[in-house]
Amino acid sequence: MKLVIMTQPMFFVEEDKILTLLFEEGMERLHLHKPDASPIYSERLLSLMSDDVYKRIVVHDNYYLKAEYGLGGIHIEDPMAGMPDRYKGKFSRECYD
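The structure reproduced in this document is the subject of the present report. Throughout this description, residue numbers start from 1 for each chain and increase along the sequence as written. Totals for whole chains, interfaces and linings use all residues, but because this is a predicted model, local features are given only for residues with pLDDT of at least 70 and pairs of side-chain atoms are given and counted only at 80 or more. To obtain the side-chain values, all non-hydrogen atoms of the structure were used and water was disregarded.

A separate point is the overall build of the protein. Check the secondary structure of the protein and you find three helices and five strands. Starting at the N terminus and walking to the C terminus, you meet the elements of the protein as β-α-β-α-β-α-β-β. For every residue, the accessible area obtained with a 1.4 Å probe (protein chains only) is divided by the maximum for its type, and the residue is called buried under 20%, exposed over 50%, and partly exposed between those limits. Sorting the 97 residues of the protein into buried and exposed places 32% on the buried side. Note on contacts: a residue pair is in contact if any heavy atoms of the two residues lie within 4.5 Å. Once local pairs closer than 6 in sequence are excluded, the contacts in the protein between residues at least 24 apart make up 43%. Secondary structure elements are taken from DSSP: a helix is a run of H or I of four residues or more, a strand is a run of E of two residues or more, and numbering for both begins at the N terminus.

A few words on the pattern of salt bridges. Here, a salt bridge means any side-chain nitrogen of Lys or Arg that lies within 4 Å of a carboxyl oxygen of Asp or Glu. The tally for this structure, following the rule as stated, stands at one salt bridge. Put simply, E15 and K34 hold a salt bridge, and the shortest N to O gap is 2.7 Å. Taken together, the positions of E15 in helix 1 (residues 15-24) and K34 in the loop between strand 2 (27-32) and helix 2 (39-47) put the pair 19 residues apart, joining distant regions of the chain. Under the relative-accessibility criterion, E15 is labelled buried at 3%.

The nonpolar core is taken to be a set of buried Ala, Val, Leu, Ile, Met, Phe, Trp, Tyr and Cys residues, with the residues joined through side-chain atoms within 4.5 Å. In terms of nonpolar packing, the biggest core is built from 17 residues, with F23, L46, M49, I57 and L71 touching the most fellow members. For this core, the secondary-structure elements that each account for two or more residues are helix 1, strand 2, helix 2, strand 3 (57-59), helix 3 (64-69) and strand 4 (73-76). The element best represented in this core is strand 2, accounting for three residues. Leaving out residues up to four positions away in the same chain, F23 has contacts with L30, M49, V53, R56 and I57.

Glancing now at the packing of aromatic side chains. Stacked, tilted and edge-to-face pairs are distinguished by plane angle, under 30 degrees for stacked and over 60 for edge-to-face with tilted covering the rest, among Phe, Tyr and Trp rings (Trp via its six-membered ring) whose centres lie within 6.5 Å. Inspection of every chain in the model, using the stated rule, returns two aromatic pairs. With a centroid separation of 5.4 Å and an interplanar angle of 90°, the aromatic rings of Y54 and Y69 are classed as edge-to-face. Taken together, the residues Y54 in the loop between helix 2 and strand 3 and Y69 in helix 3 connect sequence positions 15 residues apart. For Y54, a relative accessible area of 9% puts it in the buried group. If you follow K34 out to its NZ or CZ, it ends over the ring of F11, 4.5 Å from the centre. Charge-over-ring placement is defined geometrically: NZ (Lys) or CZ (Arg) within 6 Å of the ring centre, and within 35 degrees of the ring normal.

Honestly, it's all geometry; don't read function into it.
Okay, structure coming up:
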């Protein structure tokens, strides 16, 4: 079984430490989902974590973070949206019936 977690939409105290512990305990994938946050706060959270886990993190917005931090991929929430321009890499997508 693979453990995949999506972050809370809001940042909280010591979130980086909790996420690092989850990775150490076997979390396979983290979906970084902070829809209303300024990108600088997501960057700060990432900078507080070990770059060893970056390849296991997927971002839901601010797709440039994927390339900047060497993240594992992007998640596109709008099932009708196209891929970001010139994007190459892993992605996941919302799908609805």
